[in-house]
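Spelled out, the chains give:
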Amino acid sequence: MANLWSGRFAGDPDAALFEFGASFRFDRRLFEDDVRGSLAWAEGLERAGVLTRRDAGVIRAALEDIASRGASDPAFFTSEAAGKDEDVHSFVERELVLRVGDPGRRLHTGRSRNEQVAVDLRLYLKRRIPLLQNRIAALAAVLADQAEASGDALMPSYTHMRRAQPVLAAHFFLAHAAALRRDYGGFASVLAEADELPLGSGAIAGTSYAIDVQALAGRLGFSRIVLNSIDATGDRDFVASFLHASALGMVHLSRLAEDLILFTSEEFGFFDLADTAATGSSLMPQKKNPDPLELVRGKAGRVIGRLTGWLATMKGLPIGYSKDLQEDKEALFDAEDTLLASLNAAGSVTAGLSINRSVTGAAASGLLLATDVADYLVAKGMPFREAHEVVGALVRRLVGERRSFDVLTLDEWRAHSPLFDADVKASITPEGSVARKTTPQSTHPDAVARALEELRAWIKGK
Ligand code: ARG
């Protein structure tokens, strides 16, 4: 018998077409989940009176042996016999029958690979997502360390990639950590979505055997049963959600990478990359290239592609299982691997950054204090719209003269508004600007210190 369905056919399948349809090459990653699902199914069949206690015991012992062999011996998956297995489900079943004969042939009673692959994938995500979340929290911890190390260092913030307002460098690092926390929560939602037991759905219509699906769910750690067997065997929304969470995570890493690529460039010089986090040029001796950051940015496109590719695969499918759904696994595994590798790379590059305080401080001073000048006039009673006009005209003049606020004499200030007083000079500084912020999410040093503390507490709770 060549495979799980050969009885229906007069001859063997075309070798190339069988190879085209085979998924063992990549779905062997679901091995431990498949064995777990089968152990639970054997128990379900025993409770339903389909398997004798003896047969169930024999199956259980063999599956446990298969599991430990798989965990300890990589060659197990590359044997000649394994080379002919269509998928991980066929592999496990063949190994089982090889060990125990007939009882093994009873295990697939009332069950379909359609629900098996669905349960395997859900179990896989339930064990793998926490690892991704752990790496997300680890990168947030690196950002927290950088926030702490930068102390009261100032830097410009940017809108439209033009200097906007002074902020603490710590505030910049914490901004990226805030996005990562959403990713953590996004993956928690995917976990909740995957937390449904599809077993009992059969190939599409349900199973004819008295399977206690609640007990199965409890055994496998699922908190709910799927709503509908037709939907359950063809539903991969949880894969789409996983890919979405991964793509968004990569978008966040890409934006961090882009910021660091810019800010470590000669033009900005805000931060230096550690030598260990950069690469040289084969031709230009002076170069210190941010390759790992560029790759993180580049790989974001790849994960976004996995998401859009998968949505395109799903969109034309009739409800129920179609083989197209097998395409879910390479998308999922590749997105997972790429995100994990990128989180680690972003973490080690970020950990090695050092700040050039004098450069960031100098860049945080100058015309980006214009909003503070307008606020100064507002404090003296001028309506904001009028203050904006007055300061706009002052800025226009200063840009023309290639000067900034700090060199203005009091007379020059007053030429623009009599509301300017001697206190203006001391008031219009980057330090003053951040210290005047009042909201909890702002760059006020106390707010940033509290945000850092709160982030540390969040990380600790993970
Ligand atoms: N390898 C298949 C997949 O990944 C398993 C389910 C096969 N079901 C089937 N009816 N051919 O989707």
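Here, the structure is the one placed above.
Described in the following lines is the structure provided in the data block.

Parameters and conventions
Residues numbered from 1 in each chain as written. Predicted model: local features only at pLDDT ≥ 70, side-chain atom pairs only at ≥ 80, totals over all residues. Heavy atoms only, no water. Axes fitted to C-alpha atoms, helices over the stretch in contact; angles between N-to-C directions. Helix = DSSP H or I, 4+ residues; strand = E, 2+ residues; numbered from the N terminus. Parallel < 35°, antiparallel > 145°, perpendicular 65-115°, else oblique. Left-handed = near helix turned anticlockwise from the far one by under 90°. Nonpolar A, V, L, I, M, F, W, Y, C, P; charged D, E, K, R; others polar. Core = buried A, V, L, I, M, F, W, Y, C linked by side-chain atoms within 4.5 Å. Buried < 20%, exposed > 50% of the residue type's maximum accessible area, 1.4 Å probe, protein only. Contact = heavy atoms within 4.5 Å. Salt bridge = Lys/Arg side-chain N within 4 Å of Asp/Glu carboxyl O. Polar contact = N/O pair within 3.5 Å; in protein donor to acceptor, adjacent residues only side chain to side chain. Near = heavy atom within 4 Å. 1 Å grid on protein atoms, 1.4 Å probe; cavity = no way out; pocket = protein on both sides within 12 Å on 5 of 7 lines; lining within 4 Å. Points joined across faces, edges and corners; volume = space filled by probe spheres on them. Expected span 1.5 Å × (residues − 1). Arc of directions from axis to C-beta.

## A closer look at the packing of helix α11 (residues 237-263) against helix α12 (residues 291-315)
- Look at α11 against α12: their axes get within 8 Å of each other, and the N-to-C directions meet at 160°. For the element pair α11 / α12, the angle class is roughly antiparallel. Between α11 and α12 the crossing geometry is left-handed.
- Along the lines of polarity and charge, the residues of the contact of α11 with α12 split into 19 nonpolar, three polar and six charged.

## Side note on the nonpolar core
- Counting 107 residues, the largest nonpolar core has F31, L63, L139, F242, L253 and F271 as the members making the most contacts within it.
- When residues of this core are assigned to their parent elements, the largest contribution, 16 residues, is made by helix α7 (residues 113-150).
- Residues within four places of L139 in sequence aside, it is in contact with L180, L253, L256, L343, A346, G347 and T350.
- Of all hydrophobic cores here, the second largest spans 18 residues; its members include L398, L408, F420 and V424.

## Considering the pattern of salt bridges
- For the structure on display, the rule yields 42 salt bridges.
- Residue D73 pairs with R69 through a salt bridge whose shortest N-O separation is 3.0 Å.
- Taken together, the shared-partner salt bridges in this structure form one network comprising D65, D85, R94, E95 and R99.

## Let's talk about the side chain of T109
- Within the secondary structure layout, T109 lies in the loop between α6 (102-106) and α7.
- A distance of 2.4 Å separates a polar atom in the side chain of T109 from the backbone oxygen of R106.
- Discounting chain neighbours no more than four positions away, the residues touching T109 are W41, L45, V50 and Y209.

## Observations concerning unusual backbone geometry
- Within the chain, H160 stands out as a residue other than glycine whose phi angle is a positive 55°.
- Checked against the element boundaries, H160 lands in the loop between β1 (154-159) and β2 (162-168).
- For M161, which is not a glycine, the phi torsion comes out positive at approximately 55°.
- With respect to the element layout, M161 can be found in the loop between β1 and β2.
- Residue M161 is classed as partly exposed on the basis of its relative accessible area of 37%.

## Looking at the site of the ligand
- Around the ligand, the neighbouring residues are S23, D27, D87, H89, R113, N114, V117, Y321, Q326 and K329.
- Contact distances for the ligand include 3.1 Å between a nitrogen atom and a side-chain N or O atom of S23.
- N114 is positioned with one of its side-chain polar atoms (N or O) 2.9 Å from a nitrogen atom of the ligand.
- A total of three residues in the shell around the ligand trace back to one element, the largest contributor, which is α7.

## Looking at empty space enclosed by the protein
- For the structure on display, the rule yields one cavity of 30 Å³ or more.
- In this structure, the largest cavity spans a volume of roughly 40 Å³.
- For the lining of the largest cavity, the element with the highest residue contribution is helix α3 (residues 31-47), accounting for four residues.
- Its residues assigned to classes, the lining of the largest cavity comprises three nonpolar, one polar and four charged.

## Regarding the environment of H89
- Positionally, H89 belongs in helix α5 (residues 88-100).
- When the C-alpha positions of H89 and L30 are compared, they lie 9.0 Å apart, and in sequence the two are 59 residues distant.
- Once you skip the residues sitting within four places of it in the chain, H89 turns out to touch D34, R113, Q116, V117 and D120.

## Notes on the environment of L30
- Mapped onto the elements of the fold, L30 is located in the loop between α2 (24-27) and α3.
- In this structure, the C-alpha to C-alpha distance between L30 and L168, residues 138 residues apart in sequence, is 46 Å.
- Those residues in contact with L30, other than ones at most four positions away along the chain, are V88, D120, L121, Y124, K329 and F333.

## Some details on helix α20 (residues 445-460)
- Taking 1.5 Å per residue, 16 residues should reach 22 Å; α20 reaches 22 Å between its end C-alpha atoms and fits that length.
- Residues of α20 that are buried include every one of A447, V448, L452, L455, W458 and I459, and no others. Looking down the long axis of α20, one finds its buried residues gathered within 140° of arc, a one-sided arrangement. Seen from the open side of α20, the exposed residues pointing more than 90 degrees away from its buried face are R450, E453 and K460.
- Its buried side turned inward, α20 meets α7, β2 and α8 (169-194).

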